[in-house]
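Residues per chain are reported as follows:
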Amino acid sequence: MLTTAEAFDAILAAVAPVETETVAAGLSSGRVLRQTVRAERDQPPFDRVMMDGIAFAWSDYDAGQRDFPVQAMQAAGDKTLTLKGGHCIEIMTGASLPTNADCIVPVERITVTNGNAVIEADYSVKKDRFVHPRGSDYARGAHLLTPGKTLSPLDMAIIASCGLTEVEVAVDPVIRVISTGNELVAAGQAIDAHQIRLSNGPAVISLLEGHGYRRCEHDHIADDVDRLRDRLRQHLDEASVLVLSGGVSMGKADYVPEVLASLGVEQVFHRVSQRPGKPLWFGKGAQGQLVFALPGNPVSALVCCRQYVVPALANASSATAAAPEFAALASSVSFKPSLTCFQPVKLISNAAGQVLAMPVKTNTSGDFAALSATDGYVELPRDQVDFPAGTPVFLQRWIARYP
Ligand code: AMP
Ligand code: MG
């Protein structure tokens, strides 16, 4: 049986990068950038005035002038005016600094009467103050975003400021999320006492969508070899990633591995030394399709999806990985089996500024309701039984931060 690290490496080794496509800038949030975004212009593109007030020349002020005839008014968006000696220009936030001006005094510090602006007597004027100098944020041509960046809402400002209407991003893979099991009945359909509501499909799709993968469709297939073979053959033809749940354990109706093998999906591994999610199966289709067969138990399915499927898709997009995140256990945990334990946690912070992971008990790996209160899970290494409060542990959030 593979360790969690071996399983992770085996999955990454099977991943090939997806193609690049061009999308409208407005649709690029959450996608992985495949180009360099360079500054269109210096930023700010001109010496930008940061206060409403007056602009004048330091040399006049330095020579003792405190009373300036108003030459003109220049608002944001107005063409740059040229200041005449001994005058001032009424200036607004966001305007370009008039030629020959190098001093700004805010409107609160002046009195204007009969077209003359007088500076408050005890106000100390400083040259160049309230001017955001041209190019002081970045220079034209600067590499503002580089390939691998997962585009965040903040990056939308950069892309727009560079004048781009389109950007190159990694193709969003076609994903099929497939629930298997005779007992499953989807919401909206009548259900009998011996049946189970199908919940993994919606949860897995939402988790994948939360990580930016938007082309997910769901199918539900009964535990029937012929039916499984027909439907999975079609999914392998139409999609590049299959995320199944259920049917990979030791039960008599767990047909998924044999059916996948019969369709030419090469098994990379079956079973990982972890809890939850030990029965995890992973294989590669003849056209390079990634096939994840997650255990059916809801907690196992979600942990395996977050732990293995999401990083595999990120890797295929060539996304720059986020730095590993750590937290300190808020209370002690004991875990006897010689397996890596993925322990769901709620994050809290203490007055010392530490992020603490509070273990949340699940009542077996079927207890998906308990997960609602969690932010993610921590990884407790195998071959260690007792993890005292304060132990630093790897943290995986259900929905990752922007790297
Ligand atoms: P399996 O891995 O097929 O043996 O399923 C393990 C447990 O998870 C069983 O109790 C199933 O009923 C349950 N289960 C499997 N698939 C789903 C699903 N899509 N939604 C909710 N529960 C499921
Ligand atoms: Mg089943």
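Up top is the structure these notes are about.
Scoring rules and cut-offs
- Residues numbered from 1 in each chain as written.
- Chains lettered and ligands numbered in written order.
- Predicted model: local features only at pLDDT ≥ 70, side-chain atom pairs only at ≥ 80, totals over all residues.
- Heavy atoms only, no water.
- Helix = DSSP H or I, 4+ residues; strand = E, 2+ residues; numbered from the N terminus.
- Buried < 20%, exposed > 50% of the residue type's maximum accessible area, 1.4 Å probe, protein only.
- Pairing = 2+ DSSP bridges.
- Axes fitted to C-alpha atoms, helices over the stretch in contact; angles between N-to-C directions.

### Observations concerning unusual backbone geometry
The step from Q43 to P44 runs through a cis peptide bond, and the omega angle for that step is -10 degrees. With respect to the secondary-structure elements, P44 resides in the loop between β2 (37-38) and β3 (48-49). Cis peptide bonds are those with omega within 30 degrees of zero, and the linkage from R275 to P276 qualifies with -5 degrees. Backbone geometry at D128 places phi at a positive 70 degrees, although glycine is not the residue there. By the secondary structure assignment, D128 is in the loop between β9 (116-119) and β10 (131-132). Here the phi dihedral of R271 falls at roughly 85 degrees; this positive angle occurs in a residue that is not glycine. Within the secondary structure layout, R271 lies in the loop between β18 (266-270) and β19 (274-275). What makes R271 partly exposed here is its relative accessible area of 30%.

### What to know about the environment of A323
With respect to the helices and strands, the residue A323 is situated in the loop between α7 (298-316) and β22 (325-329). Look at A323 and you get exposed, because its relative accessible area is 56%. Residues A323 and L27, spaced 296 residues apart in sequence, show a C-alpha to C-alpha distance of 26 Å.

### Quick word on the sheet that holds strand β7 (residues 103-106)
A sheet is described by the order of its strands in space; here six strands give the open sequence β7-β4-β6-β5-β9-β8, paired in mixed fashion. Edge positions in the sheet fall to β7 and β8 (110-113), since each of these pairs with one other strand and no more. When strand polarity is set aside, the average angle formed by the axes of neighbouring strands in this sheet is 35 degrees.

### A look at the environment of D62
Relative to the elements of secondary structure, D62 occurs in helix α2 (residues 58-62). A relative accessible area of 56% places D62 in the exposed class. In this structure, the C-alpha to C-alpha distance between D62 and K127, residues 65 residues apart in sequence, is 9.7 Å.

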